[in-house]
Amino acid sequence: MPLSWPLIRMILVLMLNWLFYRPIPGNRLDRGDTLPWQEYWGETYAPELKQRLLKPVFGRLEAEEKIGKLIIDVGSGASPVTQLLKTKPGRKRVCVDIAADNGGSLEELRVQLDAEKVGQFSALSFRKAILRVCAFLEINPKTDERTERADTIVYSDILNYVDFRKVLSGFVKYLKPDGRIIVLNLPHRGNRSLFSDKGLKDNRQLYASLEEHHFEIEHKAFPKRPRNETDESEELIVLVARRYVQD
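This section reports on the structure supplied with the text. By convention here, each chain's residues receive numbers from 1 onward along its written sequence. This being a predicted model, a pLDDT of at least 70 is required before a residue's local features are given, and a value of 80 or more before pairs of side-chain atoms are given or counted; all residues contribute to the totals for chains, interfaces and linings. Processing note: side-chain calculations cover all non-hydrogen atoms of the structure and skip hydrogens and water entirely.

Our focus in this paragraph is the overall build of the protein. Within the protein, the secondary structure is distributed over six helices and seven strands. A helix here means a DSSP run of H or I that spans at least four residues, while a strand means a run of E at least two residues long, and both kinds are numbered starting from the N terminus. Reading the helices (α) and strands (β) of the protein from amino to carboxyl end gives α-α-α-β-β-β-α-β-α-β-α-β-β. Burial analysis of the protein (247 residues in total) assigns 45% to the buried set. Pairs of residues are marked as contacts when any of their non-hydrogen atoms sit within 4.5 Å. Considering only residue pairs separated by 6 or more positions, the protein has 64% of its internal contacts joining residues 24 or more positions apart. Put simply, the protein shows about 13700 Å² of open surface, and 53% of that area lies on carbon and sulfur atoms. The classification of residues rests on relative accessible area computed with a 1.4 Å probe and restricted to protein chains. Under 20% of the type maximum is buried, over 50% is exposed, and intermediate values are partly exposed. For the area figures, the Shrake-Rupley method with a 1.4 Å probe applies, and any residue is considered shielded solely by the protein chains shown.

Summarising the element assignment, Thr 82 is placed in the loop between strand 1 (70-74) and strand 2 (92-97). You can call Thr 82 buried: its relative accessible area is 0%. Think of a polar contact as two N or O atoms within 3.5 Å of one another; within protein, one of them needs to be a possible hydrogen donor and the other a possible acceptor, and neighboring residues in sequence only count if both atoms come from side chains. A distance of 3.3 Å separates a polar atom in the side chain of Thr 82 from a polar atom in the side chain of Arg 93. Excluding residues that lie within four positions of it along the chain, Thr 82 makes contacts with Phe 58, Ile 71, Asp 73, Arg 93, Cys 95 and Val 154.

What follows concerns helix 3 (residues 47-63). The length a helix should cover is 1.5 Å for every residue beyond the first. The end-to-end C-alpha distance of helix 3 is 23 Å, a good match for the 24 Å that 17 residues give at a rise of 1.5 Å each. The term bend refers to the angle at a residue between two fitted axes, each drawn through seven residues, those ending there and those starting there. Of all bends in helix 3, the biggest is about 35°, found at Leu 54, and the proline Pro 56 comes one to four residues later. Just past helix 3, the residue Glu 65 takes up positive phi, approximately 55°.

This brings us to the nonpolar core. Residues belong to one nonpolar core when they are buried, are Ala, Val, Leu, Ile, Met, Phe, Trp, Tyr or Cys, and are joined through side-chain atoms within 4.5 Å. Of all hydrophobic cores here, the largest spans 41 residues; its most connected members are Val 74, Ile 153, Tyr 155, Phe 171 and Ile 181. For Ile 181, the contacting residues outside a window of four places in its chain are Ile 153, Tyr 155, Leu 175, Leu 210, Phe 215, Leu 239, Val 240 and Ala 241. Of all hydrophobic cores here, the second largest spans 17 residues; its members include Val 57, Phe 58, Leu 85 and Leu 186.

Right, let's talk about the packing of aromatic side chains for a bit. Two aromatic rings from Phe, Tyr or Trp, using only the six-membered ring of Trp, form a pair when their centres are within 6.5 Å; if the ring planes differ by under 30 degrees the pair is stacked, by over 60 it is edge-to-face, and anything between is tilted. Counted by the stated rule, this structure contains three aromatic pairs. Both rings, one in Tyr 155 and one in Phe 171, keep their centres 6.3 Å apart while their planes meet at 90°; by these two values the pair is edge-to-face. Taken together, the residues Tyr 155 in strand 4 (residues 150-156) and Phe 171 in helix 5 (residues 164-172) connect sequence positions 16 residues apart. Using a relative accessible area of 1% as the deciding quantity, one classes Tyr 155 as buried. Counting as a charge over the ring demands two things of the Lys NZ or Arg CZ atom: a distance within 6 Å of the ring centre and an angle within 35 degrees of the ring normal. Against the face of Phe 136 rests Lys 92, its NZ or CZ located 4.7 Å from the ring centre. We note Lys 220 situated over the ring of Tyr 207; from NZ or CZ to the ring centre the distance is 4.3 Å.

All right, on to the sheet that holds strand 2 then. Whether two strands pair depends on DSSP finding at least two bridges between them. Overall, mixed pairing links the seven strands, which are arranged 3-2-1-4-5-7-6 in an open sheet. For this open sheet the edge positions go to strand 3 (108-112) and strand 6 (215-221), each flanked by a neighbour on one side alone. Going across the sheet, the axis of each strand differs from the next one's by a mean of 15°, ignoring polarity. As defined by bridge partners, strand 5 (residues 175-185) adjoins strand 7 (residues 237-243) across six bridges and the pair is classed as antiparallel. The residue of strand 7 that forms the bridge with Ile 181 is Ala 241. Convention adopted: a line fitted to C-alpha atoms gives each axis, helices being fitted over their contacting stretch, and angles between N-to-C directions are expressed from 0 to 180 degrees.

This part covers the pattern of salt bridges. One speaks of a salt bridge when a side-chain nitrogen belonging to Lys or Arg is within 4 Å of a carboxyl oxygen belonging to Asp or Glu. Within this structure, the stated rule accounts for 13 salt bridges. Among the salt bridges present, the one from Glu 108 reaches Arg 93, with a minimum N-O distance of 2.7 Å. In this pair, Glu 108 sits in strand 3 while Arg 93 sits in strand 2, placing the two residues 15 residues apart along the sequence. Exposure class is identical for Glu 108 and Arg 93. Each is buried. The salt bridge partner of Glu 218 is Arg 242, with a shortest N-O separation of 3.8 Å. With Glu 218 in strand 6 and Arg 242 in strand 7, the pair connects residues that are 24 residues apart, well separated along the chain. Assessed through its relative accessible area of 18%, Arg 242 is described here as buried. The structure contains a network of salt bridges with shared partners spanning Asp 178, Arg 180, Glu 216, Glu 218 and Arg 242.

What follows is the structure, given as structure tokens:
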């Protein structure tokens, strides 16, 4: 008996989910007090796939000089995809992750922070993060009146795990007018035990939120969508959107 197309599609989705987000054994922290995010940090999110999908996007934006000098990498994990970007004079990357090790270099700062706490000055973790970022950018928050804003913000496999509306609106405050966001996400896929009830479940929710915050979608692709499939609501998406300046 031949298989129906809906059944074939369901099997393909399950296979893709297993291939791209399967847990990888070994090198797990085994301390009893380890946070869930530290246990899985950087081990289950298919870094090779993300790099393969984002490298051409980064390359095109670099060629058009649209990446800029200050980049925020939200949900960066242990292998930030923004490391694919060229090192340039004055370019700095701030990598935000709930399980980051708070290390860094002249070009990269890793900040341990729950992305949902961005903009919440009542949260001690956010105040500490702001002070570290200010030091990294050589800004004195007590005397310096200038506000440093990002040219590009990257959200890579993070929107299922957080209140995506809160995270988008929280970080957009730190994005320049005419700045860009780059999103790579696959709704419903990943470690479901860590999903947020308010995580992204449908790409159309993302489009609506971007419109609300005055973003114009410049590019979107669905690299794993089956041929002849038109529904994009739950597909793996690679998206670039520009924050347009309101008249």
